[in-house]
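# Residue-level structure breakdown
For reference, the chains in residue letters:
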Amino acid sequence: MKIDRLIGILSILLQEEKTTAPELAERFEVSRRTINRDIEDLCKAGIPIKTAQGTGGGISIMDGYRMDRTVLTSKDMQMILAGLRSLDSVSGSSYYGQLMEKIQTGSSDFLSGRDFMLINLSSWYKDSLAPKIEVIQSAIENRHLVEFKYYAPSGESRRTIEPYYLVFQWSSWYVWGWCLKREDYRLFKLNRMDRVAEMGKDFVCRNVPMPDLSNEKIFPGCIKVKALFAPDMKWRLVEEFGPHCFTEADDGRLLFSAEYTDMDNLVTWLMTFGSKAEVLEPVEVRNIIRRNAEETLQIYMED
């Protein structure tokens, strides 16, 4: 990725007195011609880089231009590295680990003691997620369309999108892009995507808005639910909805109140509690759970 390589080159030049095009080419696994173009781009961006030919020559930043490291405290550096580690936990390559090494070089004064924050963004689906993330990252950088098969509650479909952002939200990964089928911006969950492929077809970048990731936008509350839960289910309610989602009833059970966006998901969630939950409202949900329980009982009675 060019922008990452430019940042990496600048980081090296800020930390080392001098380097050479062959050294940078080997380090970033690109050609010397690519490195020369990168140096030209950095110069155009206003970075005062000088080059010298022959013995003792090389690439360096002009004297007097140095980033003041005192701007970054030890805590700042630790937080930066924690963020990079979190990205490395879902990366299909060693890129972020290499970037961490670059930042750590010459930074021993800022990094002392043990790490105090560990973030792991991987999941049970890491092996399948990493290749998808890598494909989408490449497509975003190259401005290439992405096509995939998508599994949604409404059914399966083939989608082609202009990808703009990879999003980690609600413990899952998503891609935000312009869907050619719907002719609108959509948020697609990576775990529901299959056969993700970067197409060779370019697209012109739109004036894309940032995705609205508020719970109210993505999960609009439309089903008001009330239910009683056994006291030993308090930990689940707190974990999933917070400590203010229930009150204690006279019999010790937990009176839960919330708004849900999808009937199927609500029923599925409630049934995971088994006999530990009793739905009070809406009546429709009570009837669905009763029918599901009766059908399940019938299956086992036949055995």
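Residues numbered from 1 in each chain as written. Predicted model: local features only at pLDDT ≥ 70, side-chain atom pairs only at ≥ 80, totals over all residues. Heavy atoms only, no water.

### So, the sheet that holds strand S6 (residues 184-189)
Spatially, five strands are ordered S6-S5-S4-S3-S7 in an open sheet, and the strand pairing comes out antiparallel. For this open sheet the edge positions go to S6 and strand S7 (193-202), each flanked by a neighbour on one side alone. Each strand axis lies, on average, 45 degrees off the axis of its neighbour in the sheet, ignoring direction. Taken together, the five bridges between strand S3 (residues 144-152) and S7 define a ladder with antiparallel strand orientation. (Pairing = 2+ DSSP bridges. Helix = DSSP H or I, 4+ residues; strand = E, 2+ residues; numbered from the N terminus. Axes fitted to C-alpha atoms, helices over the stretch in contact; angles between N-to-C directions.)

### Digging into the nonpolar core
By size, the foremost hydrophobic cluster in this structure holds 21 residues, and its most contacted members are Phe229, Leu237, Phe256, Leu266, Trp269, Leu270 and Val285. Contributions of two or more residues to this core are made by strand S8 (223-229), strand S10 (254-260), helix H9 (263-271) and helix H10 (283-302). In terms of residue count, H9 provides more of this core than any other element does, five residues in total. Once residues within four sequence positions are removed from consideration, Phe256 is found in contact with Val225, Lys226, Ala227, Phe229, Leu237, Phe241, Cys245, Phe246 and Trp269. (Core = buried A, V, L, I, M, F, W, Y, C linked by side-chain atoms within 4.5 Å. Buried < 20%, exposed > 50% of the residue type's maximum accessible area, 1.4 Å probe, protein only. Contact = heavy atoms within 4.5 Å.)

### Thoughts on the pattern of salt bridges
For the structure shown, the criterion picks out twelve salt bridges. Note that Arg253 is salt-bridged to Glu278, the shortest N-O span being 3.0 Å. Note that Arg253 is positioned in the loop between strand S9 (246-248) and S10 and Glu278 in strand S11 (residues 277-281), a separation of 25 residues in sequence. Classification of Glu278 as partly exposed rests on a relative accessible area of 31%. Between Glu278 and Arg286 there is a salt bridge, with the nearest N and O atoms lying 3.6 Å from each other. Accessibility expressed as a relative area gives 30% for Arg286, which makes it partly exposed. One salt-bridge network, in which partners are shared between bridges, spans Asp251, Arg253, Glu278 and Arg286. (Salt bridge = Lys/Arg side-chain N within 4 Å of Asp/Glu carboxyl O.)

### Details of unusual backbone geometry
Glu281 connects to Pro282 through a cis peptide bond whose omega is -5 degrees. Within the secondary structure, Pro282 is located in the loop between S11 and H10. The phi dihedral of Arg143 falls on the positive side, at around 60 degrees, and the residue is not glycine. Turning to its location among the elements, Arg143 is positioned in the loop between helix H6 (126-142) and S3. Its relative accessible area of 29% is what places Arg143 among the partly exposed residues. In this structure, Glu183 is a non-glycine residue whose phi angle is positive, near 55 degrees.

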